[in-house]
Amino acid sequence: MHRKSGALYTRKKKENYGLAGSIKNVHGIIESFTAVYNAPSGFEKHVPYILALIALDNGEKVTAQVVDSKNIVIGMKVEPCLRKMYVDGDEGIIHYGTKFRLVK
Amino acid sequence: MKIPIIAAELLKFGELWNLGINDLIREIGSKTLNAAGISSKEIDALYISNAFSAKANNKSLLNSIAFEELGINNSVCISSGDASGAVAIREAANSIMSGKSKIAMVIGVEKVSDVKSNDMALLSSDMIGSSEYFSGATVQSQFAIITRKYFNDFGIGAKNLFFLTAAKHRNAASNEFAQYNFEIDEEKIGSSQIAADPIRMLECASYCDGAAAIVMCNEGNEKRFKGKIQGYFLGGSVANDQLELAKRGSITTMEATVKAAKEAYKITRLNAGNIDLMEIYDFVPIAEVIAVEDMGFAKKGRGIKFVKENTKKINLSGGLKACGHALGATGVRQAVDVIKNLEGKKARYGLAQALAGTGSVSAINIFGNKNA
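Since the model is a prediction, treat every value here as computed from it, not as a measurement. (Residues numbered from 1 in each chain as written. Chains lettered and ligands numbered in written order. Predicted model: local features only at pLDDT ≥ 70, side-chain atom pairs only at ≥ 80, totals over all residues. Heavy atoms only, no water.)

Some remarks on the overall build of chain B
Across its full length, chain B carries 14 helices and 11 strands. Taken over C-alpha atoms, the radius of gyration comes to 19 Å for chain B, in line with the 21 Å a tight globule of 372 residues would show. For chain B, the C-alpha atoms occupy an extent of roughly 55 × 45 × 40 Å along the three principal directions. Residue burial in chain B is summarised as follows: out of 372 residues, 65% are buried. (Helix = DSSP H or I, 4+ residues; strand = E, 2+ residues; numbered from the N terminus. Rg over C-alpha atoms; globule rule 2.2 N^0.38 Å. Buried < 20%, exposed > 50% of the residue type's maximum accessible area, 1.4 Å probe, protein only.)

Now the structure itself:
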């Protein structure tokens, strides 16, 4: 009998990955943002990272990181992309999730 | 209905390396029972407010610890994040109003200085939404998003709120129970490290250890404690909102505070104009600005002006920023400070407001002085 890997289950966790599929072709607008310097464990390597409140075209809002965003201002257009979020310890699962990038 | 408060005590907040959570409960418990002049057997109900003991101290049955240390029966733990203390006070008042208890006690206690600082961000992550946390958000970062939005929408020339933090440290200078009871000038605050842009490190309250307690009695016992009465609990309310900022309609208004204030004013038949002084949740400066707007002290967008003109009315203790933020103890500490300052300032009505996390819970209690 095969043992299923833990990743198969974590991938289906709604709060983590539910977003990834549902907003594939949606654009959004930056409502507000911050650059995080005082990060929780697991995110230290990314400091400073941009975290934004994004209003999506479909009427929903999300809080997500925005990548490659040196000149970010409120009102900019963004689109979703799949990115690495963090790693569980040295040998743990690599968590992927939705981040956003500026639309050129 | 007025509920007499017969003792209100504090321990100094800070990094209390020589006290464990058991010690804190014992010290504040016996100090408060002594002040009230009663024995632990006379307490009909004890509410212990705490936010993180299960994670930070590996102890969740603080009510059993209270029985061990103080011998108080019939106690329960109340956990609502930063607002725990304020919620516990309302619960104690409810138990008296229902007639179930004659004398009720609230102990707020927190012991977090053994937790490393970036683990603390992990710990406090249960006060924000899980998808926010998954994206690397913290309570600070969510308030930073709110701050930028507020400046963007209502900014009217304001670039920062450094003056507010400086004013609080000035207020705290005479408060012997505050962790940081010294002055810090605006320049130093403005040049400190960035926590989450635009919020600086010295603008954020820091988590610390602490304990505070109050004892209340019913009307029938008022005569017995005549000389002991410190003030009166007049009414309180708790309201909730979404955990995630993304699910709220507006992030520059705390819906929970609006609802709680409405309810509290209704119960006490008072309004914002009657309140002489207040202790407000100021984990970051913007929380205080938004709170005074939501509680009806200033119109939307005028909060900054109001807090600038009323630094001698708001957070006389120094607030969470200068007192230190001992999560579960903070709500009780605010109540103790309101009661003490009503006496000291010869004022009539005072208000204490606490949020949990970024405003998913808001608790407001209103107190009156001895003659209220």
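Here we look at the sheet that holds strand β3 (residues 75–78) of chain B
All names here are of chain B. Strand order in the open sheet made by the nine strands is β3-β2-β4-β7-β1-β8-β11-β10-β9, with mixed pairing throughout. For this open sheet the edge positions go to β3 and β9 (277–280), each flanked by a neighbour on one side alone. Going across the sheet, the axis of each strand differs from the next one's by a mean of 25°, ignoring polarity. Bridge count between strand β4 (residues 103–110) and strand β7 (residues 210–217): eight bridges; the pairing is antiparallel. From the neighbouring strand, M105 faces β7, where its bridge partner is V215. (Pairing = 2+ DSSP bridges. Axes fitted to C-alpha atoms, helices over the stretch in contact; angles between N-to-C directions.)

Considering the side chain of S192(B)
Residue and element names in this part refer to chain B. Relative to the elements of secondary structure, S192 occurs in the loop between α9 (186–190) and β5 (194–196). Owing to a relative accessible area of 11%, S192 belongs among the buried residues under this scheme. Beyond its immediate sequence surroundings of up to four residues, S192 is in contact with R200, M201 and L202. (Contact = heavy atoms within 4.5 Å.)

Topic: helix α3 (residues 62–70) of chain B
All names here are of chain B. Here α3 has its buried residues at L62, N63, I65, A66 and L70. Along the axis of α3, the buried residues cluster in a sector spanning 155°; they form a single face. On the buried face of α3, the contacting elements are α1 (21–36), β2 (45–49), α2 (53–56), β3 and β4. (Arc of directions from axis to C-beta.)

Observations concerning the environment of G328(B)
Residues and elements named next belong to chain B. Positionally, G328 belongs in helix α14 (residues 327–345). Using a relative accessible area of 0% as the deciding quantity, one classes G328 as buried. Residues G328 and I145 lie 183 residues apart in sequence; the distance between their C-alpha atoms is 25 Å. Residues within four places of G328 in sequence aside, it is in contact with S49, N50, A51, S84, G85, G108, V109 and E110.

Looking at the packing of aromatic side chains
Counting across every chain of the model gives 10 aromatic pairs over all chains. Residues Y281(B) and F283(B) carry aromatic rings whose centres are separated by 6.4 Å and whose planes lie at 25° to one another, so their mutual orientation is stacked. Of the two residues examined, Y281(B) and F283(B), each falls in the buried class. Of the aromatic side chains, those joined through ring pairs into one cluster are F43(A), Y49(A), Y86(A) and F134(B). Here the basic side chain of K308(B) rests over the ring of F163(B), its NZ or CZ set 4.7 Å away from the ring centre. (Phe/Tyr/Trp six-rings, centres within 6.5 Å; stacked < 30°, edge-to-face > 60°. Lys NZ or Arg CZ within 6 Å of the ring centre and 35° of its normal.)

A short note on the pattern of salt bridges
All names here are of chain B. For the structure shown, the criterion picks out 21 salt bridges over all chains. Linking R90 and E91 is a salt bridge whose minimum nitrogen-to-oxygen distance equals 3.0 Å. Residues participating in the shared-partner salt-bridge network are D23, R26 and E69. (Salt bridge = Lys/Arg side-chain N within 4 Å of Asp/Glu carboxyl O.)

Brief notes about the side chain of E31(A)
Turning to its location among the elements, E31(A) is positioned in strand β1 (residues 28–36). Look past the residues within four positions of E31(A) in its chain and what remains in contact with it is L53(A), A55(A), K61(A), I74(A) and K149(B).

Observations regarding the confidence of the model for chain B
With 99% of its residues at a pLDDT of at least 70, chain B reaches an overall mean of 93. Across the interfaces of the predicted complex, the ipTM metric reaches 0.86, alongside a pTM of 0.92. (pLDDT = per-residue confidence, 0-100.)

Here's the deal with the interface of chain B and chain A
Taken residue by residue, the interface counts 31 residues in chain B and 31 residues in chain A. Both faces combined, the contact of chain B with chain A buries some 2400 Å², and carbon together with sulfur accounts for 60% of it. Per-residue buried area on chain B facing chain A is highest for F134(B), S135(B) and I145(B); these three make up 28% of the total on that side. Applying the counting rule to chain B against chain A returns zero salt bridges. Put simply, chain B and chain A have 11 residue pairs in polar contact (both at pLDDT 80 or more) between them. Sorting elements by how many residues they give to the side of chain B that touches chain A places helix α7 (residues 139–154) of chain B first, with eight residues. (Buried area = accessible area lost by both parts, 1.4 Å probe. Polar contact = N/O pair within 3.5 Å; in protein donor to acceptor, adjacent residues only side chain to side chain.)

Topic: the pairing of strand β2 (residues 49–56) of chain A
Residues and elements named next belong to chain A. Within β2, eight of the eight residues are buried, which leaves it mostly tucked inside the rest of the structure. The alternating pattern of β2 places Y49, L51, L53 and A55 on one face and I50, A52, I54 and L56 on the opposite face, and all of these are buried. For β1 and β2, the ladder comprises eight bridges, and the chain directions are antiparallel. Paired with F33 across the strands is A52, a residue of β2. Strand direction decides the pairing type here: β2 and strand β3 (residues 61–67), joined by six bridges, are antiparallel. Its bridge partner lying in β3, L51 is registered against Q65.

Observations regarding α1(B)
Residue and element names in this part refer to chain B. Its 16 residues place the ends of α1 22 Å apart at the C-alpha level, agreeing with the 22 Å of an ideal helix rising 1.5 Å per residue. Among the residues of α1, those classed as buried are I21, N22, L24, I25, I28, G29, T32, L33 and A36. Buried residues along α1 cover an arc of 160° about the axis, so they all sit on one side. Just downstream of α1 lies G37, where phi reads positive at about 70°. (Expected span 1.5 Å × (residues − 1).)

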